[in-house]
Structures are given as C-alpha cells and as structure tokens.
Amino acid sequence: MISSRNRTKETSHDYDVIIGPVADDSVYDSLFQYENGFLSRDETILKLNSAKLDGQILFHTNKSLDCIAYSGYREVI
C-alpha cells in the first residue's frame, strides 16, 4: 500500500532544508498498477525511472528561513 505518512503525521529530523523530487499522479498511478498486478516489477521500474518529476525545497526551520529574502516575483505564462 502507498504510504502518505509524511503528509499526515509529524516527522522528526534535524534538517534545516530538504531538497528533492515531488511525486506526481503518474508515480502514484504506476505504483497502483504494480500493486494490483497490472504492471510487472520491471515495467514499473522503467516507468518510474522515466518519470519527469518537479523539484521542491522545504525550509523546515526558522534558521533556514533566516537565510532567504524575498526579492520580487516574475509572472510566468
């Protein structure tokens, strides 16, 4: 079963900043298909390795937020 524990429970770690990929719906769809027997292990790994994931940065502590400053915005169309 796919776990979303990191989204529903408090996690404990000492990191100020965490940088990593964000799983999108295609990742969850691939895992669902594997868990329900629609994809083999190799097919699932191939799909997951070819997924284009967006990145995210988590500023987890006030210490990390003190290191950044707002400098404006730019509209992207």
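For the structure, see preceding data.
Residues numbered from 1 in each chain as written. Predicted model: local features only at pLDDT ≥ 70, side-chain atom pairs only at ≥ 80, totals over all residues. Heavy atoms only, no water.

S.K.: Looking at this structure, I do not really get a negative patch on the surface. What am I missing?
M.R.: Residues D24, D25, D29 and D54 make up a contiguous surface patch of negative charge. Checked against the element boundaries, D24 lands in the loop between β1 (17-22) and α2 (25-35). Looking at D24, the relative accessible area reads 31%, which means it is partly exposed. (Patch = residues over 30% accessible without salt bridge, like charges linked within 9 Å, V, L, I, M, F, W, Y side chains within 5 Å. Areas by Shrake-Rupley, 256 points an atom, 1.4 Å probe, with all protein chains shown as cover. Salt bridge = Lys/Arg side-chain N within 4 Å of Asp/Glu carboxyl O. Lys, Arg positive; Asp, Glu negative; His and termini not counted. Charge placed at Lys NZ, Arg CZ, Asp CG, Glu CD. Helix = DSSP H or I, 4+ residues; strand = E, 2+ residues; numbered from the N terminus. Buried < 20%, exposed > 50% of the residue type's maximum accessible area, 1.4 Å probe, protein only.)

S.K.: When you look at the pairing of strand β2 (residues 54-59) in this model, what are you seeing that I'm missing?
M.R.: Walk down a regular strand and you will see the side chains alternate between the two sheet faces. The element β2 is largely exposed, with a buried count of zero among its six residues. Where β1 lies against β2, six bridges are found, and the strand directions are antiparallel. Residue pairing across strands places I19 opposite I57, the latter belonging to β2. (Pairing = 2+ DSSP bridges.)

S.K.: Help me understand the pattern of salt bridges, please; the structure alone is not making it clear to me.
M.R.: Tallied over the entire structure, the rule returns two salt bridges. D16 is the salt-bridge partner of K63, the closest N and O atoms lying 3.7 Å from each other. A residue pair is termed long-range when its members are at least 10 positions apart, and K63 in helix α4 (residues 62-65) and D16 in the loop between α1 (5-8) and β1 qualify at 47 residues. A relative accessible area of 56% means that K63 is categorised as exposed. Notably, a salt bridge pairs D42 with R41, separated by 3.9 Å at the nearest N-O pair. Residue class for D42 comes out exposed when judged on its relative accessible area of 57%. A residue is classified by how much of its surface remains accessible, and R41, at 54% relative accessible area, is exposed.

S.K.: Mind showing me how you'd approach the environment of N49 here?
M.R.: Relative to the helices and strands, N49 is located in helix α3 (residues 41-49). For N49, a relative accessible area of 64% translates into the label exposed. Distance from N49 to V27, taken between C-alpha atoms, is 9.8 Å for residues 22 residues apart in sequence.

S.K.: Can you help me understand a nonpolar patch on the surface in this one?
M.R.: Residues V17, I19, I57, F59, L65 and I68 make up a contiguous nonpolar surface patch of roughly 540 Å² in combined accessible area. Those elements that provide at least two residues to the nonpolar patch are β1 and β2. Secondary-structure assignment places I68 in the segment after α4. For I68, a relative accessible area of 44% puts it in the partly exposed group.

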